[in-house]
Amino acid sequence: MVQDTYYFASPDKSPAQMIEQFETFYGPTMERRRSGQKNGRSGGIHKQLVELANSQNKSKDAGTLIPATFMRVTVSL
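Residues numbered from 1 in each chain as written. Predicted model: local features only at pLDDT ≥ 70, side-chain atom pairs only at ≥ 80, totals over all residues. Heavy atoms only, no water.

(A) Broad picture of the overall build of the chain. The number of helices and strands found in the chain is 3 helices and 2 strands. The dimensions of the chain, computed from C-alpha atoms along their principal axes, are 50 × 35 × 20 Å. Here the chain, with 77 residues, has 19% of them falling under the buried criterion. Looking at the chain alone, contacts between residues at least 24 apart form 65% of all its contacts between residues at least 6 apart. Put simply, the chain shows about 5,900 Å² of open surface, and 54% of that area lies on carbon and sulfur atoms. Counting 10 positive and 7 negative side-chain charges, the chain places the averaged centre of each group 6 Å from the other. (Helix = DSSP H or I, 4+ residues; strand = E, 2+ residues; numbered from the N terminus. Buried < 20%, exposed > 50% of the residue type's maximum accessible area, 1.4 Å probe, protein only. Contact = heavy atoms within 4.5 Å. Areas by Shrake-Rupley, 256 points an atom, 1.4 Å probe, with all protein chains shown as cover. Lys, Arg positive; Asp, Glu negative; His and termini not counted. Charge placed at Lys NZ, Arg CZ, Asp CG, Glu CD.)

(B) Helix α2 (residues 27-38), seen in detail. Its 12 residues place the ends of α2 17 Å apart at the C-alpha level, agreeing with the 16 Å of an ideal helix rising 1.5 Å per residue. Looking one or two residues beyond α2, the residue adopting positive phi is G40, at roughly 70°. (Expected span 1.5 Å × (residues − 1).)

Right, here's the structure in full:
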C-alpha cells in the first residue's frame, strides 16, 4: 500500500459547478440529492457540498483543484 493523491481538477469550472456535475452524473451524490429532495433538505445538502468544495479548493484562479488522498493497493498474483 502507498498513500497517493487524486486531484479533482477543472481549470474552467468553479467548485460549485463541479458539485453540480457530481449531483447530475455521480451515482452516490445523485442518490443523496434525491434523498434530500424527498425530505425537503436538498438545498442544505447542496450548500454543504459547495462549502466543502470551496474550503478544499487549492486553485489560484477561477478553476478547481481539490486534492483527495487515498491508499493505493497493488496486488501481485
